[in-house]
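The primary structure of each chain is shown beneath.
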Amino acid sequence: MTQLKIWRNELLVIGGLATLILISSSLLWYSFPGKFDSPDENANFFLTQRFAQGLSLSIKEPLTEIADIVAPRSLVVSQGAILPGSFLGLILLYGFFGKIFGLSILGFLTPLFSAIGVVAFYVLVKKFFQPSTAILSALLLAVHPAFLYWSARSFFHNALFFDLFVIGLSLLSVVLMKSPFEAMSERKRKAILFGSGLSIGAAVAVRTSEVIWIALVLVFFIVYFRTTFLRSGGWWVFPLGIAIPLIPIVVLNGQLYGNPLSFGYSIGLDDETTTQVASPASSFFRAVELIFPFGIQFETAAVNFWNYGLKLLWFPSLLTLLGIFMTWRSSSAQQMGKLWATTLGFISLWLVVYYGSWEFHDNPDPTKITLGTSYTRYWLPLYAFGIPYAAIALRRLLTLSVLPFSIWHRVRPVIVVVTVLIVVQFSSSLVITDDEEGLVAVRTHTIEYRNMAARVVRETPENAVIIAGRADKVLFPERKVIYRVDRPEEFAGVRNLLETVPVFIYVPPTEALRTVRRFWEERGFRIETETSLSENELLLRLSSARRG
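How each quantity is defined
- Residues numbered from 1 in each chain as written.
- Predicted model: local features only at pLDDT ≥ 70, side-chain atom pairs only at ≥ 80, totals over all residues.
- Heavy atoms only, no water.
- Pairing = 2+ DSSP bridges.
- Helix = DSSP H or I, 4+ residues; strand = E, 2+ residues; numbered from the N terminus.
- Buried < 20%, exposed > 50% of the residue type's maximum accessible area, 1.4 Å probe, protein only.
- Polar contact = N/O pair within 3.5 Å; in protein donor to acceptor, adjacent residues only side chain to side chain.
- Axes fitted to C-alpha atoms, helices over the stretch in contact; angles between N-to-C directions.
- Contact = heavy atoms within 4.5 Å.
- Nonpolar A, V, L, I, M, F, W, Y, C, P; charged D, E, K, R; others polar.
- Core = buried A, V, L, I, M, F, W, Y, C linked by side-chain atoms within 4.5 Å.
- Expected span 1.5 Å × (residues − 1).
- Salt bridge = Lys/Arg side-chain N within 4 Å of Asp/Glu carboxyl O.
- Phe/Tyr/Trp six-rings, centres within 6.5 Å; stacked < 30°, edge-to-face > 60°.
- Patch = residues over 30% accessible without salt bridge, like charges linked within 9 Å, V, L, I, M, F, W, Y side chains within 5 Å.
- Areas by Shrake-Rupley, 256 points an atom, 1.4 Å probe, with all protein chains shown as cover.

With that settled, the discussion passes to the pairing of strand E2 (residues 75–78). Where E2 meets strand E3 (residues 81–84), four bridges bridge the pair, whose relative direction is antiparallel. Bridging from a neighbouring strand, Leu75 pairs with Pro84 of E3.

Printed below as a string of structure tokens:
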């Protein structure tokens with residue numbers, strides 16, 4: 001009866017955390033303004049809607065035959081069509097749910113998966129650590145700034161990818177690490193293994209770039225628990241489950257890009273690299289480039305890890321490092337804890353080198369270190385798998401006292417409440433109220449974008465093409481857009497467009513009209529008309545100077 005009561009209490013806590021993450025991460029989607037603060041989100045939402053409505057993901061655009069730059073960021077142009085510029089998993093999965101439940105559900109799906117992910121994380125951690133550590137780990141994950149933030153930014157891939165991967169791992173652990181006293185029929189084991197493979201396969205479909213380290217982690221675990229895995233009965237359903245979500249990705253990649261193993265990121269890469277003379281050295285470096293497309297820059301990776309792994313998220317990172325130190329110093333570290341530590345070390349090293357070697361500047365000010373920068377979403381697994389050590393550190397700190405027991409017994413609840421408030425305050429200050437990229441700021445931006453898009457649509461004909469810069473995410477799909485024009489062939493493309501459709505330039509408040517005018521006049525164009533959209537915004541109609 002006591003054990004049943006403990007399980008019931010754990011279930012209540014985990015259920016409460018799941019509800020918390022679902023509600024808090026859904027707030028941004030309520031009264032959705034119809035615009036996003038990122039070109040990636042905008043493209044994913046646009047394509048998901050198309051798929052849910054039964055439309056093709058290949059968008060025929062005749063203007064791309066004239067100028068192959070008529071497309072927003074995060075979409076690519078190939079052979080006269082606008083195609084997805086990223087992975088297809090989120091689009092297909094959410095589009096499938098959109099077909100069944102309607103488009104209004106789309107923004108709530110990532111928060112829902114994150115709520116399930118918190119439960120799955122608890123199940124997974126409990127297999128490796130004490131139940132109290134698992135409960136505390138689930139709590140710390142639910143309020144971790146990066147996890148909360150990217151769960152709310154629901155049309156990025158990263159939170160969904162992490163949720164699916166953790167769900168798959170937790171199901172796999174139920175079979176591989178079951179208690180000797182836990183009875184499980186072969187049918188049940190097959191169902192769980194199949195569900196595990198299905199979830200992990202879906203995670204790979206959502207972010208295919210993570211496939212190498214995921215495969216290595218799975219091989220490591222299966223080899224370590226090979227006896228249990230092979231004797232589980234029907235072990236083959238696990239790889240079958242992984243394959244099923246990847247089949248539509250492979251088929252659709254072949255249809256869209258002409259190569260089953262290609263995807264949007266690979267469109268436009270320099271083909272000259274494929275014609276180089278093969279040699280052992282060149283083959284080796286080519287393999288390294290294939291595995292690490294951003295290169296390997298240890299110094300850059302170290303700086304980025306300091307900024308986004310430690311400095312920005314200093315509170316949870318400090319607890320994690322303290323927990324690792326405490327565990328490392330402990331001679332009683334259990335075998336499962338060592339297995340977790342090994343996995344964490346490998347994942348951390350891989351992700352830090354893989355993504356940290358590149359410089360991402362999502363904020364217009366490249367000097368700003370903010371939660372909305374890409375590193376924090378790429379490193380979600382790194383943060384999350386370090387959380388059990390943060391939980392260990394927090395648990396030990398809360399049980400450590402130099403006060404007499406009679407006093408400590410009374411003040412401990414106060415200390416626990418204060419600690420929780422500090423954690424929540426730290427997270428909310430980054431996730432919600434941060435002036436740069438907090439969710440309140442994101443909400444404000446999207447409302448402004450909606451109003452700005454309405455002004456541009458009102459002042460331009462339906463067939464207009466807008467050279468929009470970073471505003472392409474705002475004006476598409478209501479208007480056809482060009483992100484920017486740099487190369488001579490791109491300027492030639494704009495001249496060709498002027499013979500067919502009206503072309504406008506959107507001038508944001510951050511740019512001076514004099515600079516924009518000079519830029520285009522020096523390249524053989526002239527500004528035909530100027531329209532004021534607001535106090536600081538302008539819309540310029542472009543024409544060719546040759547028409548004099």
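From this point, the narrative continues.
Let us now look at the environment of Glu436. Positionally, Glu436 belongs in the loop between helix H18 (405–431) and helix H19 (439–459). The exposure class of Glu436 is partly exposed, given its relative accessible area of 30%. For the pair formed by Glu436 and Thr370, sequence separation is 66 residues and the distance between their alpha carbons is 7.3 Å. At 2.6 Å, the side chain of Glu436 forms a polar contact with the side chain of Lys368.

Another aspect to go through is the packing of helix H4 (residues 109–128) against helix H6 (residues 145–152). The interhelical angle for the contact between H4 and H6, taken along N-to-C directions, is 150°, at an axis separation of 8 Å. For the pair H4 and H6, contact is made by Thr110, Pro111, Ser114 and Val118 and by Phe147, Trp150 and Ser151, respectively. Of the residues assigned to the contact of H4 with H6, the class counts are four nonpolar, three polar and no charged.

Glancing now at unusual backbone geometry. Cis peptide bonds are those with omega within 30 degrees of zero, and the linkage from Phe476 to Pro477 qualifies with 15°. Along the chain, Pro477 turns up in the loop between helix H20 (472–475) and strand E5 (480–482). Positive phi is not limited to glycine here, since Ser74 has a value of about 75°. Positionally, Ser74 belongs in the loop between strand E1 (59–60) and E2. Phi at Gln79 takes a positive value of approximately 50°, unusual for a residue other than glycine. Within the element layout of this structure, Gln79 appears in the loop between E2 and E3.

So, about the environment of Pro239. As for its position among the elements, Pro239 is in helix H11 (residues 237–257). Given a relative accessible area of 38%, Pro239 falls into the partly exposed group. Considering only alpha carbons, one finds Pro239 and Ile200, 39 residues apart in sequence, at a separation of 9.7 Å.

A separate point is the nonpolar core. If you look at the biggest cluster of nonpolar residues, it comprises 114 residues, and the most contacted ones within it are Phe128, Trp213, Phe238, Trp340, Trp379 and Phe385. In this structure, Trp213 is in contact with Phe161, Phe165, Phe346, Ile347, Trp350, Leu351 and Pro381, ignoring residues within four places of it in sequence. Residues Ala43, Leu47, Ile82 and Val456 belong to the second largest nonpolar core, which totals 35 residues.

One open sheet accounts for five strands, arranged E5-E4-E6-E8-E7; its pairing is mixed. Of all the strands in the sheet, the pair left with one neighbour each is E5 and strand E7 (525–532). Adjacent strand axes in the sheet meet at a mean angle of 30° when their direction is disregarded. Bridging between E7 and strand E8 (residues 538–544) involves seven bridges; their strand directions are antiparallel. Note that in E8 the partner of Arg526 across the bridge is Ser543.

Moving on, we come to H19. In an α-helix there are 3.6 residues to a turn, and that puts residues three or four apart on one side. Between its terminal C-alpha atoms H19 stretches 30 Å, which fits the 30 Å expected from 21 residues at 1.5 Å a residue. Turning to H19, its buried residues number three or more, namely Leu439, Ala441, Val442, Thr446, Tyr449, Met452, Ala453, Arg455 and Val456.

Taken as a whole and judged by the stated rule, the model has 16 salt bridges. Between Arg484 and Asp486 there is a salt bridge whose closest N-O contact spans 3.3 Å. Salt bridges sharing partners connect three or more residues here, namely Arg487, Glu489 and Glu490.

Enumeration over the complete set of coordinates arrives at 55 aromatic pairs. Taking the centre distance of 6.2 Å and the plane angle of 70° together, the rings of Phe162 and Phe385 count as edge-to-face. With Phe162 in helix H7 (residues 158–176) and Phe385 in helix H17 (residues 380–399), the pair connects residues that are 223 residues apart, well separated along the chain. Phe385 matches Phe162 in its accessibility class, with the two residues each being buried.

A separate point is the pairing of strand E6 (residues 503–507). The buried fraction of E6 is high, at five of five residues. Taken together, the three bridges between strand E4 (residues 465–467) and E6 define a ladder with parallel strand orientation. Considered in E6, the bridge of Ile466 is made with Phe504. Here E6 pairs with E8 via five bridges, running antiparallel. Along E8, the bridge assignment pairs Phe504 with Arg541.

We now examine a nonpolar patch on the surface. Judged by side-chain polarity, Phe194, Leu198, Leu230, Trp235, Trp236, Leu240 and Ile244 come together as a nonpolar surface patch covering roughly 630 Å² of accessible area. The residue Leu240 is located in helix H11 in this model. Using a relative accessible area of 39% as the deciding quantity, one classes Leu240 as partly exposed.

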